[in-house]
Amino acid sequence: MATRKERIISLLEGRDYSVSELAQVLGIRGRGSKKLILEDLKAIQKILRRERKVLLVKPAECRKCGFVFRPEINIPSRCPRCKSEWIEEPRFKISIK
């Protein structure tokens, strides 16, 4: 049985996923599920550097005004421009350098 991080790596090598999609595929539910996945992604980013791979981040985006956030491993809570909480989550994928 593979660890959760190994399962996330194998999923992200196939296609891009949001944090919510990863939690759903892995069967992680409840409070803190997104935070757990975000912590794993930060650790995975370090692991991938050693393997000469890179974690690509499609940045979060405000669905109301189109503001694009910085590409980082984080889920913003509201838009700094229009204050909307209608945010498209960032998407992650693994690529070879």
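In this text, all values refer to a predicted model and were calculated from it rather than measured experimentally.

Bringing the pattern of salt bridges into the picture now. Tallied over the entire structure, the rule returns 7 salt bridges. Among the salt bridges present, the one from Arg63 reaches Glu88, with a minimum N-O distance of 2.9 Å. Of this pair, Arg63 sits in the loop between β3 (61-62) and β4 (87-88) while Glu88 sits in strand β4, and the two are 25 residues apart along the sequence. Taking the relative accessible area as the measure of exposure, Arg63 reaches 42% and is therefore partly exposed. Between Glu85 and Arg78 there is a salt bridge, with its nearest N and O atoms 3.2 Å apart. Looking at Glu85, the relative accessible area reads 57%, which means it is exposed. What emerges from the salt-bridge pattern is a single network uniting Asp16, Glu21 and Arg91.

Next up on the list: unusual backbone geometry. In this structure, Arg52 is a non-glycine residue whose phi angle is positive, near 60 degrees. Considering the arrangement of structural elements, one finds Arg52 in the loop between α3 (33-50) and β2 (53-58). Judged by its relative accessible area of 63%, Arg52 is exposed. Although it is not a glycine, Lys83 sits at a positive phi angle of roughly 70 degrees. By secondary structure assignment, the location of Lys83 is in the loop between β3 and β4.

Two elements, strand β1 (residues 17-18) and strand β5 (residues 91-96), share 2 bridges in a ladder whose sense is antiparallel. Its bridge partner being in β5, Tyr17 is matched across the sheet by Phe92. The sheet contact formed by β2 and β5 spans 6 bridges and is antiparallel. Counted as the bridge partner of Leu55 is Ile94 from β5.

A separate point is the nonpolar core. Counting residues in each nonpolar core, the largest one holds 18 residues, and the members touching the most others are Ile8, Leu12, Leu22, Ile37, Leu41, Leu55 and Phe92. Contributing elements (two or more residues each) for this core: α1 (4-14), α2 (19-26), α3 and β5. Ranked by residue count, the leading element in this core is α3, at 5 residues. If near-sequence neighbours (up to four positions away) are discounted, Ile37 is found in contact with Ile8, Val19, Leu22, Ala23, Leu26 and Ile28. In terms of nonpolar packing, the next biggest core, distinct from the first, is built from 5 residues, Ala60, Cys62, Phe69 and Ile87 among them.

How each quantity is defined
- Residues numbered from 1 in each chain as written.
- Predicted model: local features only at pLDDT ≥ 70, side-chain atom pairs only at ≥ 80, totals over all residues.
- Heavy atoms only, no water.
- Salt bridge = Lys/Arg side-chain N within 4 Å of Asp/Glu carboxyl O.
- Helix = DSSP H or I, 4+ residues; strand = E, 2+ residues; numbered from the N terminus.
- Buried < 20%, exposed > 50% of the residue type's maximum accessible area, 1.4 Å probe, protein only.
- Pairing = 2+ DSSP bridges.
- Core = buried A, V, L, I, M, F, W, Y, C linked by side-chain atoms within 4.5 Å.
- Contact = heavy atoms within 4.5 Å.

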